[in-house]
Protein chains: 4
Amino acid sequence: MTARQKETSIELEVPFRHIDMMGVVWHGHYYAYLEEARTALLRACDLDAGDLIGARYVFFVIESKCRYAHPLYYADRIRVTAWLKDIEHRIHIAYEIHNLTHGKRAARGHTILATTDLEKNLLLETPDEIRRRLVA
Amino acid sequence: MTARQKETSIELEVPFRHIDMMGVVWHGHYYAYLEEARTALLRACDLDAGDLIGARYVFFVIESKCRYAHPLYYADRIRVTAWLKDIEHRIHIAYEIHNLTHGKRAARGHTILATTDLEKNLLLETPDEIRRRLVA
Amino acid sequence: MTARQKETSIELEVPFRHIDMMGVVWHGHYYAYLEEARTALLRACDLDAGDLIGARYVFFVIESKCRYAHPLYYADRIRVTAWLKDIEHRIHIAYEIHNLTHGKRAARGHTILATTDLEKNLLLETPDEIRRRLVA
Amino acid sequence: MTARQKETSIELEVPFRHIDMMGVVWHGHYYAYLEEARTALLRACDLDAGDLIGARYVFFVIESKCRYAHPLYYADRIRVTAWLKDIEHRIHIAYEIHNLTHGKRAARGHTILATTDLEKNLLLETPDEIRRRLVA
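Residues numbered from 1 in each chain as written. Chains lettered and ligands numbered in written order. Predicted model: local features only at pLDDT ≥ 70, side-chain atom pairs only at ≥ 80, totals over all residues.

Quick look at the relation of the copies chain C and chain B
Once turned by 180 degrees and shifted 0.0 Å along the axis, chain C lies on chain B with an RMSD of 0.0 Å. Taken together, the rotation and translation describe the operation of a two-fold axis. Taking C-alpha positions as the reference, the residue of chain C nearest the rotation axis is C:Lys65, at 2.1 Å. When you check the interface residues of chain C against chain B, 100% turn up at the interface there too, and the contact is symmetric in its surfaces. (Least-squares fit on C-alpha atoms with pLDDT ≥ 70 in both. Contact = placed C-beta atoms within 7 Å.)

Here's the deal with the environment of B:Leu124
For B:Leu124, the position within the fold is in the loop between strand S5 (104–117) and helix H2 (128–135). Once the C-alpha coordinates of B:Leu124 and B:Ala114 are considered, the two residues, 10 residues apart in sequence, prove to be 8.3 Å apart. (Helix = DSSP H or I, 4+ residues; strand = E, 2+ residues; numbered from the N terminus.)

What to know about the interface of chain C and chain B
Listed by partner, the interface residues are 14 residues for chain C and 14 residues for chain B. Mapped onto the side of chain C that touches chain B, the elements with two or more residues apiece are helix H1 (30–44) and strand S2 (57–68) of chain C. Here the element with the most residues in the side of chain C that touches chain B is S2(C); it accounts for nine residues.

Focus on the sheet that holds strand S4 (residues 91–99) of chain C
Within a sheet, neighbouring strands are paired by backbone hydrogen bonds and run either parallel or antiparallel to one another. In space, the 10 strands of this open sheet follow the order S1(B)-S3(B)-S4(B)-S5(B)-S2(B)-S2(C)-S5(C)-S4(C)-S3(C)-S1(C), with antiparallel pairing throughout. Since the sheet does not close on itself, it has two edges, and those belong to strand S1 (7–13) of chain B together with strand S1 (7–13) of chain C, each with one partner. Averaged over all pairs of adjacent strands, the angle between their axes in this sheet comes to 25 degrees, without regard to strand direction. Pairing of strand S2 (residues 57–68) of chain B with S2(C), which is carried by five bridges, proceeds in the antiparallel orientation. Opposite B:Cys66, over in S2(C), you have C:Ser64 as the bridge partner. (Pairing = 2+ DSSP bridges. Axes fitted to C-alpha atoms, helices over the stretch in contact; angles between N-to-C directions.)

Details of the sheet that holds strand S2 (residues 57–68) of chain D
Ordered in space as S1(A)-S3(A)-S4(A)-S5(A)-S2(A)-S2(D)-S5(D)-S4(D)-S3(D)-S1(D), the 10 strands form an open sheet in which the pairing is antiparallel. Pairing within the sheet leaves two strands with one partner each, and these edge strands are strand S1 (7–13) of chain A together with strand S1 (7–13) of chain D. The average angle at which neighbouring strand axes cross in this sheet is 25 degrees, direction not considered. Where S1(A) and strand S3 (residues 77–86) of chain A come together, seven bridges link them in antiparallel fashion. Bridging from a neighbouring strand, A:Thr8 pairs with A:Ala82 of S3(A).

Some words on the relation of the copies chain C and chain D
Note on the copies: chain C fits chain D at an RMSD of 0.0 Å, the axial shift is 0.0 Å, and the rotation between them is 180 degrees. Same-surface contact between copies: 100% of interface residues of chain C are shared with the interface of chain D.

Laid out in structure tokens, this is it:
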């Protein structure tokens with residue numbers, strides 16, 4: 001599997017309510033931007049909500065991380081790209097946020113998802129039927 | 001029923017992440033402060049989650065409103081008071097936010113809750129068993 | 001002035017993180033949706049940030065209100081329309097949220113803005129130079 | 001310096017609005033909990049806002065990370081402990097979230113702060129006058 005093939009991007013504009021006293025986006029809000037791209041990526045793999053996710057499995061975030069390079073300002077246009085980095089035991093999704101207004105990389109991050117069954121038992125490996133959709 | 005008898009207050013401190021570019025609390029965050037006081041009020045009535053709410057009924061917010069008097073700043077201590085204003089058809093909860101740091105009234109507001117059964121059918125009146133707890 | 005002429009709409013999709021334990025959008029998040037439409041409306045009037053707002057005047061929200069009709073669910077597409085209702089003493093902006101997925105009106109609301117000068121003195125009337133842009 | 005000497009804890013209760021569709025706290029909200037503990041820690045070092053921070057320097061978050069162990073549920077009481085792990089080039093603050101209701105460790109995390117001057121120039125080392133307060 002060439003992971004970057006499964007790459008999805010979304011674009012959005014930094015809203016007023018995300019800007020803090022220092023005039024830049026509060027660091028915690030970046031995880032909302034990552035979520036928008038992750039939703040798009042999983043949806044592209046037919047893994048958003050439906051016959052598998054929700055019906056038979058649940059995704060549970062076990063790690064999130066973000067490294068901030070250049071601050072984001074009010075009304076900046078950003079592009080958030082998400083791609084699959086690893087899908088064996090855990091689904092590792094990597095992200096890059098690019099500031100389209102200033103032409104700079106704003107941040108990089110990742111979230112790692114574990115899969116549980118409906119009784120919330122953590123599965124040691126990503127189930128085959130999920131894996132197949134991720135590499136398809 | 002003398003509604004103001006059912007009055008509950010909570011105190012909290014304005015966190016950094018709620019302050020916007022203008023240096024004051026973004027207006028939408030006040031609804032989080034109201035929620036803290038509402039939770040305390042409903043809990044004092046034994047109506048938070050348990051044998052009635054969650055098990056047999058669901059509260060659904062049908063209206064929220066806030067009037068802002070004096071802005072709130074980073075690290076201000078506030079007291080949010082909630083009380084029952086009307087409980088017949090809808091549960092009308094009123095609020096007052098007092099800035100303990102500056103000694104001024106910061107805001108007033110209300111939220112109106114309707115009750116639904118577990119199938120999400122709106123009930124035309126607040127069920128008796130809920131009403132009894134609210135006036136107890 | 002025919003206020004509804006100054007009408008602006010934006011569309012967005014309800015994100016996962018806005019859905020609460022009851023499976024619907026938490027009522028406080030609607031104010032974020034209203035903000036997106038208000039930003040678009042003020043920008044269409046050239047009143048977002050620039051020579052007047054930010055440079056000479058500040059808008060301050062003095063009242064916000066929302067009435068919820070039909071709940072919003074995860075991934076619902078919504079259209080938020082904002083228009084000017086009154087601009088004399090205060091700038092009264094009204095909103096309607098329409099659920100494009102279910103074809104129902106989801107909510108109505110308003111926010112009222114007062115204008116202050118840079119020293120945060122509340123102005124009794126909307127300044128002429130702002131008013132002209134609103135009715136242009 | 002024995003970093004864990006500079007350890008500060010805060011306690012809070014998980015609010016309704018932080019719970020997502022899966023019935024647990026949405027992963028991004030943990031960064032709000034970390035912030036509450038960081039504010040308390042920096043305040044204990046006299047580095048919240050005042051003669052140094054705000055007046056001569058600005059803290060800028062350059063990395064945030066959280067590892068989630070056991071989910072948090074509505075109304076869980078949690079204790080968030082923050083301590084200084086490294087203060088040479090960057091201020092590295094580590095955190096642990098303990099669920100007091102279930103008696104389990106809920107999460108661990110860190111945020112790394114860089115210092116800038118008021119012109120937003122990144123400083124290569126933590127200024128001495130800040131460092132002195134952190135180790136005092």
